[in-house]
Amino acid sequence: MASISVTRGDLAKAEDYYLRALAVREKVAPGSAAVAESLSKLGRIADARSDPSTAEDYYLRALGVHEKLAPGSSAVAEILMHLGLNAGIRANSASQRDY
């Protein structure tokens, strides 16, 4: 349902579904790849809402989980990529405020 909401552009609804999924996953399987996946998707939603600070928080949490489960994995690389893109967005926003 969340991915359908994203496709339709309803980010608020998608975020709600991902938050609900995260709550269940943290209860059932804390520290799992499923938790990291939910965190990563919430980061992408925050990015889409132009909220890089919140996105960074979600990505860092996801990175922590992935680094414990599979250091050096493609999942870690993917989160690092999102963090890099996020840092670029934040840097551009900061430099735009200077003008």
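Our subject is the structure listed above.
Notes on the structure follow. The model shown is predicted, which means the values in this text are computed figures rather than measured ones.

### Regarding the overall build of the protein
Per the secondary structure count, the protein includes 5 helices and 0 strands. Counted from the first residue to the last, the protein has its helices and strands arranged as α-α-α-α-α. Carbon and sulfur atoms provide 56% of the accessible area of the protein, an area that totals close to 6000 Å².

### Description of unusual backbone geometry
Here Ser 50, not a glycine, exhibits a phi torsion of approximately 60°, which is positive. When you line up the elements, Ser 50 lands in the loop between helix 3 (33-48) and helix 4 (52-69).

### Thoughts on the pattern of salt bridges
For the structure shown, the criterion picks out 6 salt bridges. Of the charged contacts in the structure, one is a salt bridge between Asp 16 and Arg 20, with a shortest N-O distance of 3.5 Å. Placement of the pair is Asp 16 and Arg 20 together in helix 2 (residues 11-28), with a separation of 4 residues, close to one helical turn. On the basis of relative accessibility, which here comes to 37%, the residue Asp 16 falls in the partly exposed class. Taken together, the salt bridges that share partners define one network made up of Arg 25, Glu 37 and Lys 41.

### Observations concerning the nonpolar core
Grouped together as the largest cluster of nonpolar side chains are 19 residues, with contacts concentrated most on Leu 39 and Ile 79. When contributions to this core are tallied by element, the ones reaching two or more residues are helix 2, helix 3, helix 4 and helix 5 (74-97). In contact with Ile 79, other than residues within four places in its own chain, are Ser 40, Tyr 59, Ala 62, Leu 63 and His 66.

### Quick word on the packing of helix 3 against helix 4
For the pair helix 3 and helix 4, the least separation of the axes is 8 Å and the interaxial angle reads 160°. The angle between helix 3 and helix 4 falls in the class roughly antiparallel. As for how helix 3 packs across helix 4, the hand of that crossing is left-handed. Between helix 3 and helix 4, the contacting residues are Ala 33, Ala 36, Leu 39, Ser 40, Leu 42, Gly 43, Arg 44, Ala 46 and Asp 47 on the first element and Pro 52, Thr 54, Ala 55, Tyr 58, Tyr 59, Arg 61, Ala 62, Val 65, His 66 and Leu 69 on the second. Looking at side-chain class alone, the contact of helix 3 with helix 4 contains 12 nonpolar, 4 polar and 3 charged residues.

Criteria and cut-off values
Residues numbered from 1 in each chain as written. Predicted model: local features only at pLDDT ≥ 70, side-chain atom pairs only at ≥ 80, totals over all residues. Heavy atoms only, no water. Helix = DSSP H or I, 4+ residues; strand = E, 2+ residues; numbered from the N terminus. Areas by Shrake-Rupley, 256 points an atom, 1.4 Å probe, with all protein chains shown as cover. Salt bridge = Lys/Arg side-chain N within 4 Å of Asp/Glu carboxyl O. Buried < 20%, exposed > 50% of the residue type's maximum accessible area, 1.4 Å probe, protein only. Core = buried A, V, L, I, M, F, W, Y, C linked by side-chain atoms within 4.5 Å. Contact = heavy atoms within 4.5 Å. Axes fitted to C-alpha atoms, helices over the stretch in contact; angles between N-to-C directions. Parallel < 35°, antiparallel > 145°, perpendicular 65-115°, else oblique. Left-handed = near helix turned anticlockwise from the far one by under 90°. Nonpolar A, V, L, I, M, F, W, Y, C, P; charged D, E, K, R; others polar.

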